[in-house]
Every structure is written in C-alpha cells, then in structure tokens.
Amino acid sequence: MDIVLYCLAIVIAAVITGLLGYFMVPFLHKIKFGQTIREVGPSWHKNKQGTPTMGGIMFIIGSSVAAVICIAFLWLNGGAETQLMFVKVVAGALMAVGFGIVGFLDDYISIKKHRNLGLTEIQKLILQFIIVGAYLLSVALAGGTTETVIPFLGSVDLGFFYYILAAVFIVGMVNAVNFTDGIDGLNTSVTLVVALVFSVIAMLLNRVGLSLYAAAIVGAMIGFLFWNANPAKVFMGDTGSLFLGGAVCALAFGVDMPILLILIGIIYIVEILSLLSYRLHTLKFRTANAFSKMAPIHHHFEMCGWNENKICFVFSGVTLLAGIIGVLLAVFGC
C-alpha cells in the first residue's frame, strides 16, 4: 500500500503540475509577467527576456494537492504516525509554502517595477526568519527535541543552540537553493534528485508521511521539467525556488538529519559559496576572479562553453552520486 501511495503521489503531482502549464503559461504571458534578465548575466541570456516567471505556482499547487490526497488517505486508513511526525510533515510543508509566498512577493514587486530586484535583502531575511521561527516553534510544541542525528555519532543534543543553528542553516540553505535557479531546468532537475533521495531515506526509516511528501515534490519537478527544460517556456521565479528551498529543508529536518543536506545538496552549497567567493574577490581586489569567470558557478561553466543541458546533466549526476552516499550514511551510519 505504501508503494502504491508513493507512486500515486508522484503521478498526481506530475499530472497536475504539467497540466497547469497549459493554463498558467498563456496566462502569465497575457498579464505580461515576464522575467527581467540581469545586465551582469551572460549576454546570450538576453533572448530569454520576457519569458514568463512565477511558474513555481504550478508545482506548489501540484505537490501540495498530491501530498494532501495521499497523506490523508494514509492516515485515514490506519497509517497514522506519531503526532510529532504529523507536525513535522505539515509544518514543513507550510514552511515551504511560506517561503513560496515570500518569493511571490519578490517576483511581483520586481515585475511591477520592471527590475530584477523585488524585496530588499533585509526584508527577505526578516520574513524568512519569521517563517523558520514559526516552523521550529511548532515542532518544539509538538514534542520535538534539540537533538540532531549525525551519522556514526548518533544523536547529539545541541541544547538551545539547536534553534539558532537550525534557523541560520535553513535560511542559508533556502537562499542557496534560490541561487541555483539561473539556467533552464537546473534547479528543477537538481531538486528532483534531492527530493528523490530524501524520499528513499524517509521510506527506509519508515517515515511514510514524509516519504509521500518527498514523492509529491519529485512528481511536481517531473511535471515542471516539461515546461522548464531548455528552452524554458516558463521560469519558476523566486516563488518556486524559495518554496523548493523550504521543502528540502523540511525533508532534511523531517528525518532528523539536516547535516545530510550539506552532502545531498552539495550543488546548492557550491552555488552559494561560488557567489560569495566571487563577490568577496571583486570587492577586495576590484578585479574579476581569475578562477571563476562568473558566479554563481553554473554561469562559470556557461562561460567555459558548456550548454545548459550539459550543466543540468552533470550537476544532477553529481547530486545523485552524493545522494547515494547520503542514503548509505543514513542507513548504516545510524
């Protein structure tokens, strides 16, 4: 039954997300919700100017509907897990939606003002920390502890510092996922693999509800890739990328091993570190970084002659290899 629900979650999310594209893409064109391309980006990205953005709404709806249907069916048929796991799944899903709303505001303001920037960095950070605070509070009230599982070390109690570290980690990772969205299909394909890996981990740890939520994300990415693969007919925007950041963090904390996201989400980490490194170098030396032609790193590979499909394939492959190691650590390291 669990496998059937798992497959059903993928199919429902993929079908809903894919079908929504037939309505959302023309609608976004009609209301002129097109992407403004950065002046500092690769010159050939200029031909993407005006491509509809905020397509993340498609997979937010698709994954949410699929998760609600399958998880509700699970719990109504005697598959209910502990109250804590229920809260972790629901609160995690709501956290992801909350980040999506922040992204929506950012996209909407940038479109209305015809610029690449919407909310200020401070505004986004404040809203993001409020969302994370609500998530951590809800889990704590449901009986969550300040312990985290580290492979081969077991459960480690971080005390009050757990909340500080968790908040900073989630906000940092959400923004790292956001920076991974820069070329057609990249964030979609990478996150597809990340969600797939966590769905396997959750299933092996018998956290069925969480596994179904992860499966819904996988299906939504499959459905969205139909529209977002190169050449993209729609972009996910911050609406989608911030939602995905919240979703993968919810999965990592749901299995009580957020540290694994550093490995499984290695592409996210490299993306944000490459951007920070590039900015620090240019600020300090006032010259281009000799080791990086452009940041984030996917643009560097573009400048080296890689096409967008190759970058997606390689980055997703790296994620898959890291994910396999992550599954082995989750199973044999605990």
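For the structure itself, consult the block above.
Residues numbered from 1 in each chain as written. Predicted model: local features only at pLDDT ≥ 70, side-chain atom pairs only at ≥ 80, totals over all residues. Heavy atoms only, no water.

Undergrad: Can you help me understand the overall build of the chain in this one?
TA: Within the chain, the secondary structure is distributed over 12 helices and 2 strands. Seen in sequence order, the chain has helices and strands lined up from the N terminus as α-α-α-α-β-β-α-α-α-α-α-α-α-α. Within the span of the chain, comprising 334 residues, buried residues form 53% of the whole. Pairs at least 24 apart in sequence give 77% of the contacts found in the chain among residues at least 6 apart. Accessible area of the chain: about 15,000 Å², with a carbon and sulfur share of 73%. (Helix = DSSP H or I, 4+ residues; strand = E, 2+ residues; numbered from the N terminus. Buried < 20%, exposed > 50% of the residue type's maximum accessible area, 1.4 Å probe, protein only. Contact = heavy atoms within 4.5 Å. Areas by Shrake-Rupley, 256 points an atom, 1.4 Å probe, with all protein chains shown as cover.)

Undergrad: What am I meant to see in the pairing of strand E1 (residues 147-150) here?
TA: If a strand is regular, its side chains alternate between the two faces of the sheet. Where E1 and strand E2 (residues 154-157) come together, 4 bridges link them in antiparallel fashion. Bridging from a neighbouring strand, Val149 pairs with Ser155 of E2. Turn length for the E1-E2 hairpin, with the two strands adjacent in sequence and antiparallel, is 3 residues, and the turn residue Phe152 shows positive phi of about 75°. (Pairing = 2+ DSSP bridges.)

Undergrad: Explanation requested: the side chain of Glu308 in the structure shown.
TA: Following the sequence through the fold, Glu308 ends up in helix H12 (residues 308-332). Look at Glu308 and you get buried, because its relative accessible area is 10%. Polar side-chain contacts of Glu308 include one of 2.8 Å to the backbone nitrogen of Asp184. (Polar contact = N/O pair within 3.5 Å; in protein donor to acceptor, adjacent residues only side chain to side chain.)

Undergrad: I keep staring at the pattern of salt bridges and nothing clicks. Help me out?
TA: Proximity of charged atoms lets side chains of opposite charge pair with each other. Following the criterion strictly, the structure yields 4 salt bridges and no others. In this structure, Lys124 and Asp106 form a salt bridge, with 3.6 Å as the shortest nitrogen-oxygen distance. In this pair, Lys124 sits in helix H4 (residues 121-141) while Asp106 sits in helix H3 (residues 83-112), placing the two residues 18 residues apart along the sequence. The same class applies to Lys124 and to Asp106, which are both buried. (Salt bridge = Lys/Arg side-chain N within 4 Å of Asp/Glu carboxyl O.)

Undergrad: Explain unusual backbone geometry here, please?
TA: The phi angle of most residues is negative, glycine excepted, and most peptide bonds adopt the trans form. That bond from Asn230 to Pro231 is cis: its omega, -5°, falls within 30 degrees of zero. Tracing the sequence through the fold places Pro231 in the loop between helix H7 (208-228) and helix H8 (237-254). In this structure, Met54 takes a positive phi of about 70° despite not being glycine. By secondary structure assignment, the location of Met54 is in the loop between helix H1 (2-30) and helix H2 (56-76). What makes Met54 buried here is its relative accessible area of 1%.

Undergrad: I keep staring at the packing of aromatic side chains and nothing clicks. Help me out?
TA: To describe a pair of aromatic rings, you give the distance between the ring centres and the angle between the ring planes. One pass over the full model with this rule turns up 11 aromatic pairs. When the centroid spacing of 4.9 Å and the interplanar angle of 80° are considered together, the rings of Phe59 and Phe224 count as edge-to-face. A residue pair is termed long-range when its members are at least 10 positions apart, and Phe59 in helix H2 and Phe224 in helix H7 qualify at 165 residues. Each member of the pair, Phe59 as well as Phe224, carries the same accessibility label: buried. Residues Phe59 and Phe243 carry aromatic rings whose centres are separated by 6.0 Å and whose planes lie at 45° to one another, so their mutual orientation is tilted. Of the two residues, Phe59 is situated in helix H2 and Phe243 in helix H8; the sequence distance between them amounts to 184 residues. Taken together through their ring pairs, the aromatic side chains of Tyr22, Phe226 and Trp227 make up a single cluster. (Phe/Tyr/Trp six-rings, centres within 6.5 Å; stacked < 30°, edge-to-face > 60°.)

Undergrad: It is not clear to me how the nonpolar core should be interpreted in this structure. Could you clarify?
TA: Considering soluble globular proteins, one finds that nonpolar side chains tend to be buried as a cluster. Counting 95 residues, the largest nonpolar core has Phe59, Ile170, Phe198, Ile201 and Tyr213 as its most contacted members. Setting aside chain neighbours within four positions, we find Phe198 in contact with Ala214, Leu251, Ala252, Val255, Leu261 and Ile264. (Core = buried A, V, L, I, M, F, W, Y, C linked by side-chain atoms within 4.5 Å.)

Undergrad: How should I be thinking about helix H6 (residues 186-204) in this particular structure?
TA: Spacing of three or four residues puts side chains on the same side of an α-helix, whose turn is 3.6 residues. The end-to-end C-alpha distance of H6, which contains 19 residues, comes to 28 Å, matching closely the 27 Å that a straight helix rising 1.5 Å per residue would cover. Backbone geometry just downstream of H6 places Asn206 in the positive-phi region, at approximately 65°. (Expected span 1.5 Å × (residues − 1).)

Geometric descriptors of this kind do not, in isolation, establish any biological role.
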